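Coordinates in review
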Amino acid sequence: MARKKTTSASKTTKTTAAADNKEKLIKSDEVETSKSEEKISTNETSSDCSTETQVDANAKVDSSECTDKKESNEESKDECTSDKSNEESSAKDEKSEASKEQPSQEKLDQVAKKDTSDKSKAADVSAASEEEVKSSSVEQENSTEKSESKDNIETNEQEANAADVATRNDEEDKPVDDIFKAHIIVVTSGKGGVGKTTTAASISTGLAQKGHKTCVIDFDVGLRNLDLIMGCERRVVYDFINVLHGEARLNQALIRDKNTEGGNLYVLAASQTKDKDSLTYSGVGRVLKELSDMGFEYIVCDSPAGIESGALIALYYADTAIVTTNPEISSVRDSDRIIGILDAKSRRAENGWKPVDHRLLLTRYVPSRVRKDEMLSLDDIHELLTIPLLGVIPESADVLKASNKGLPIIMFDKSEAGMAYKDAVERLLGDDVPLRFMTENKGWFSKLFGK
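Residues numbered from 1 in each chain as written. Predicted model: local features only at pLDDT ≥ 70, side-chain atom pairs only at ≥ 80, totals over all residues. Heavy atoms only, no water.

What about the overall build of the chain?
When helices and strands are counted, the chain shows 17 helices and 8 strands. Residues counted as buried form 38% of the 451 residues belonging to the chain. Carbon together with sulfur atoms contributes 49% to the accessible area of the chain, which is approximately 26600 Å² in total. (Helix = DSSP H or I, 4+ residues; strand = E, 2+ residues; numbered from the N terminus. Buried < 20%, exposed > 50% of the residue type's maximum accessible area, 1.4 Å probe, protein only. Areas by Shrake-Rupley, 256 points an atom, 1.4 Å probe, with all protein chains shown as cover.)

Description of the packing of helix H10 (residues 309–316) against helix H11 (residues 329–345)
Between H10 and H11, whose axes approach to 10 Å, the crossing angle comes to 55°. Accordingly, the angle class assigned to the pair H10 and H11 is oblique. Handedness of the H10/H11 crossing: right-handed. Between H10 and H11, the contacting residues are Leu312, Leu315 and Tyr316 on the first element and Ile338, Ile341, Leu342 and Lys345 on the second. When its residues are assigned to classes, the contact of H10 with H11 shows 6 nonpolar, no polar and 1 charged. (Axes fitted to C-alpha atoms, helices over the stretch in contact; angles between N-to-C directions. Parallel < 35°, antiparallel > 145°, perpendicular 65-115°, else oblique. Left-handed = near helix turned anticlockwise from the far one by under 90°. Contact = heavy atoms within 4.5 Å. Nonpolar A, V, L, I, M, F, W, Y, C, P; charged D, E, K, R; others polar.)

Details of the packing of helix H5 (residues 196–209) against helix H16 (residues 416–428)
Angle between the axes and distance between the axes: these two values describe a pair of packed helices. Contact geometry of H5 with H16 gives a least axis separation of 9 Å together with a crossing angle of 65°. Crossing of H5 against H16: the hand is right-handed. Facing H5, whose interface residues are Thr198, Thr199, Ser202, Ile203, Gly206 and Leu207, H16 presents Tyr421, Ala424, Val425 and Leu428. Looking at the contact of H5 with H16 residue by residue, the classes come out as 6 nonpolar, 4 polar and no charged.

So, the packing of aromatic side chains
A complete count under the given rule lists 5 aromatic pairs for this structure. Summarising the aromatic geometry, the rings of Tyr266 and Phe296 are spaced 5.6 Å apart at their centres and angled 90° between planes, so their arrangement reads as edge-to-face. Here Tyr266 is found in strand S4 (residues 265–268), whereas its partner Phe296 is found in the loop between helix H9 (281–293) and strand S5 (298–302), with 30 residues between them in sequence. Aromatic side chains Tyr281 and Tyr316 sit 5.3 Å apart centroid to centroid with 80° between the ring planes, which places their arrangement in the edge-to-face category. In this pair, Tyr281 sits in helix H9 while Tyr316 sits in helix H10, placing the two residues 35 residues apart along the sequence. Overall, Tyr281 belongs to the partly exposed group, its relative accessible area being 25%. Taken together, Phe180, Tyr281, Tyr316 and Tyr317 form an aromatic cluster joined through their ring pairs. It is Lys213 that lies over the ring of Phe296; its NZ or CZ is 4.6 Å from the centre. Sitting over the face of the ring of Phe180, Arg347 holds its NZ or CZ atom 4.5 Å from the ring centroid. (Phe/Tyr/Trp six-rings, centres within 6.5 Å; stacked < 30°, edge-to-face > 60°. Lys NZ or Arg CZ within 6 Å of the ring centre and 35° of its normal.)

Re the pairing of strand S2 (residues 214–218)
Among the 5 residues of S2, 5 are classified as buried, and the element is accordingly described as predominantly covered. Residues Thr214, Val216 and Asp218 point to one face of S2 and Cys215 and Ile217 to the other, with burial holding for every one of them. In this sheet, S4 lies alongside S2 in parallel orientation, the contact comprising 4 bridges. Within the sheet, the bridge partner assigned to Thr214 lies in S4 and is Leu265. The pairing of S2 with S5 spans 5 bridges and is parallel. Looking at S5, one finds that Ile217 is bridged to Cys301. (Pairing = 2+ DSSP bridges.)

Let's talk about a negative patch on the surface
Taken together, the side chains of Asp373, Asp379, Asp380 and Glu383 present a region of like negative charge at the surface. Note on placement: Glu383 falls in helix H14 (residues 378–385). What makes Glu383 exposed here is its relative accessible area of 61%. (Patch = residues over 30% accessible without salt bridge, like charges linked within 9 Å, V, L, I, M, F, W, Y side chains within 5 Å. Salt bridge = Lys/Arg side-chain N within 4 Å of Asp/Glu carboxyl O. Lys, Arg positive; Asp, Glu negative; His and termini not counted. Charge placed at Lys NZ, Arg CZ, Asp CG, Glu CD.)

As for the state of the cysteines
What makes a disulfide is a covalent bond joining the sulfur atoms belonging to two cysteines. The final tally for this structure, using the stated rule, is 0 disulfides. Not part of a disulfide, Cys301 finds its nearest cysteine sulfur in Cys215, a span of 8.3 Å. (Disulfide = S-S within 2.5 Å.)

Regarding the sheet that holds strand S6 (residues 320–325)
The sheet built from 8 strands is open, its strands ordered S3-S4-S2-S5-S1-S6-S7-S8 with mixed pairing. A strand with exactly one partner marks an edge of an open sheet, and here the two such strands are strand S3 (255–256) and strand S8 (389–394). Judged from the 4 bridges that link them, strand S1 (residues 183–188) and S6 form a sheet pairing that is parallel. Bridge assignment links Val187 to a residue of S6, and that residue is Ile322. Here H11 sits on the sheet in contact with S1, S6 and strand S7 (357–365), set at roughly 165° to S6. The strands touched by H14 within the sheet are S7 and S8, with S7 carrying the most contacts at an inclination of about 150°.

Okay, here's the thing in structure tokens:
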């Protein structure tokens, strides 16, 4: 009985250990879900073994049966031991897997050190890249400064060369101081649209009709209109600028007027493709000198409006200046400016010769508007300009008709404007001709009722 009790106690101890192992296995099953089913089956086997042990302990059997049961219990003990070893191996596997999944502290420290070294390397690289960027920007700034300085040097050299060229041109562009045999008449004004070209065409035609060999020159380079009024626009082959540049001889560029009897009138047209900077004092002086040597008595210059280079060059060689103006304050004021330039910058003023002969020609005059104070009167204009009066040209629709036909208005004998231009030519030649068309023409109704 004592042996049986000892055996029973040992069996009970084994049973308790098996139960503890079962609890450990259950806890390990919570960590690894994938292996839970296998472990549960193992635990069931272990519990069966424990149940069989308890049944054998309570049963009252003979010694042979006990011996057999002892052997079976030993076999179950071996099975439990094997199960325990299996559980321990599975726990080790779980620990190894957990160790694989969770890196050790040393590995973490190594990773942290590696990250720190990588960050330091990245900081070094970024610092190096910043230094490179700074150095490249400095180099770029230096190169930009060098290029700018080079450009400035080149610009200064170009300006110096341009100044040298301008100085040489100024030295070469010396006006001609020779005294011309021909009389130079310049038709000028400060304001545009006052009738300069119409006046130049009519004055030159009137001089030619009086038997004087005359040449009329268009100085309005780029905007020539004189050839249209003279009716020779289709006959222009060479122009004034071609002669100045030596591209044509003067007699090739001169166009003989076909509307004037006796062949005393010639036209020198301006260029439509060049600008007024093509004119030079020396070149214009040579052309005027050559025309004078060719036997021309009068050279009429149709000057452009304003005080630009073309107008100043035309004014420079003037012997007589016909200042053309309209009876309005802006036109009169600009004409006063032109008179001042003639007195200061003409060839006669620079050389101390006899002053330029100024003559006032009043165009587009309407006596009825003067009576209504809508237009300046002749006395008002003469008081402002204080130069001798050459003539008064009344407003007339015939001026436009004559221009459209390619004829100067002076050739319209029945036109008041044409007759007024003939009177102006007579006065220019020294004849004393009274002024006409200074009062408004009254009809029989106005004469009858005194209006």
